[in-house]
Amino acid sequence: MCCHAQDKSVFQDANELTKETQRVISVAPGQKIDTAYFRTLFLPTAHFTVVGEEDGSFMHETMDLNDFLVTLTDEYYTLGYHEEATGEMIEEYNGIAQIIQSFEGVDSENEKGKGVGSYQLVYSDGRWWIANMIWTMSSDDGKDIPKKYLYQNR
């Protein structure tokens with residue numbers, strides 16, 4: 001069996017830990033997301049909030065870790081999905097980190113979506129944990145994403 005989660009180098013780098021979430025949810029058609037491993041990336045009390053605009057008003061939906069893991073077993077993902085970071089801003093101090101990351105996802109029907117996510121992390125028990133995730137999707141194919149969240153070479 002593999003080593004404990006705390007022994008993996010991904011848990012020692014806050015930015016790599018956020019990118020690990022994308023590696024885990026990126027699956028080929030017919031594959032299932034390893035939700036047990038995904039759970040190890042987060043504090044058990046983590047919350048997941050998606051923010052969007054509807055009829056000119058901002059709305060949000062928040063889930064706990066268990067509810068979010070259920071969404072990852074949806075057919076939307078098992079038909080194939082890929083997501084990766086396209087840039088980030090990292091702020092870290094004294095055991096806390098805030099990472100604002102732009103990303104792009106592609107689903108099984110080759111539909112692309114771009115957005116920005118905010119991760120709050122804590123360093124505890126010898127490793128980084130994601131405490132919360134908040135994200136929103138671009139309404140303009142990423143053209144409205146602030147340049148400071150994008151890689152300079154893209």
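Residues numbered from 1 in each chain as written. Predicted model: local features only at pLDDT ≥ 70, side-chain atom pairs only at ≥ 80, totals over all residues. Heavy atoms only, no water.

Quick look at the packing of aromatic side chains now. Inspection of the entire model under this criterion finds nine aromatic pairs. Centre to centre, the rings of Tyr77 and Tyr81 are 5.2 Å apart; their planes meet at 75°, and the pair counts as edge-to-face. By the burial criterion, Tyr77 is buried, and Tyr81 matches it. Counting every residue linked through ring pairs, the aromatic cluster contains Phe38, Phe42, Phe48, Phe68 and Trp135. Looking at Arg127, its charged tip hangs above the ring of Trp129, at a distance of 3.4 Å from the centre. (Phe/Tyr/Trp six-rings, centres within 6.5 Å; stacked < 30°, edge-to-face > 60°. Buried < 20%, exposed > 50% of the residue type's maximum accessible area, 1.4 Å probe, protein only. Lys NZ or Arg CZ within 6 Å of the ring centre and 35° of its normal.)

Turning next to the environment of Lys32. Tracing the sequence through the fold places Lys32 in the loop between α1 (14-25) and α2 (35-39). Each C-alpha atom, one on Lys32 and one on Leu72, is 8.6 Å from the other, the two residues being 40 residues apart in sequence. Those residues in contact with Lys32, other than ones at most four positions away along the chain, are Val27 and Thr78. (Helix = DSSP H or I, 4+ residues; strand = E, 2+ residues; numbered from the N terminus. Contact = heavy atoms within 4.5 Å.)

Within the fold, Glu88 resides in strand β3 (residues 81-93). Discounting chain neighbours no more than four positions away, the residues touching Glu88 are Asn15, Lys19, Ile99, Ile100, Gln101, Tyr149 and Tyr151.

A separate point is the sheet that holds strand β6 (residues 127-137). Paired through backbone hydrogen bonds, the strands of a sheet run either parallel or antiparallel to each other. If you walk across this open sheet you meet the six strands as β2-β1-β6-β5-β4-β3, and the pairing is mixed. With one partner strand each, in any of the chains shown, β2 (57-64) and β3 form the two edges of the open sheet. Pairwise comparison of adjacent strand axes, ignoring direction, gives a mean angle of 20° for this sheet. The pairing of strand β1 (residues 42-54) with β6 spans six bridges and is parallel. Opposite Thr49, over in β6, you have Ile134 as the bridge partner. Each of β1, β3, β4 (96-107), β5 (112-124) and β6 is contacted by α1, which is oriented at about 165° to β3, the strand it contacts most. (Pairing = 2+ DSSP bridges. Axes fitted to C-alpha atoms, helices over the stretch in contact; angles between N-to-C directions.)

Side-chain pairs of opposite charge can arise where the charged atoms are in close proximity. On inspection of all chains with the given rule, the structure shows three salt bridges. For Arg23, the salt bridge identified is with Glu16, shortest N-O distance 3.3 Å. For Arg23, a relative accessible area of 44% gives the class partly exposed. Accessibility expressed as a relative area gives 28% for Glu16, which makes it partly exposed. A single network of salt bridges, built from pairs that share partners, joins Glu16, Glu20 and Arg23. (Salt bridge = Lys/Arg side-chain N within 4 Å of Asp/Glu carboxyl O.)

Turning to α1, a few remarks are in order. Taking 1.5 Å of rise per residue, the twelve residues of α1 would be expected to cover 16 Å, and the 18 Å separating its terminal C-alpha atoms lies within 8% of that figure. With ten of twelve residues buried, α1 is to be regarded as a mostly interior element. Here α1 has its buried residues at Ala14, Asn15, Leu17, Thr18, Lys19, Glu20, Thr21, Gln22, Val24 and Ile25. Where α1 starts, the residue carrying a side-chain oxygen 2.9 Å from the main-chain nitrogen of Asn15 turns out to be Asp13. (Expected span 1.5 Å × (residues − 1). Polar contact = N/O pair within 3.5 Å; in protein donor to acceptor, adjacent residues only side chain to side chain.)

For the rest of this paragraph, the subject is unusual backbone geometry. Residues other than glycine seldom take positive phi values, yet Asn110 does so here, at roughly 65°. The phi dihedral of Asp141 is positive, around 50°, even though this residue is not glycine. In this fold, Asp141 is placed in the segment after β6.

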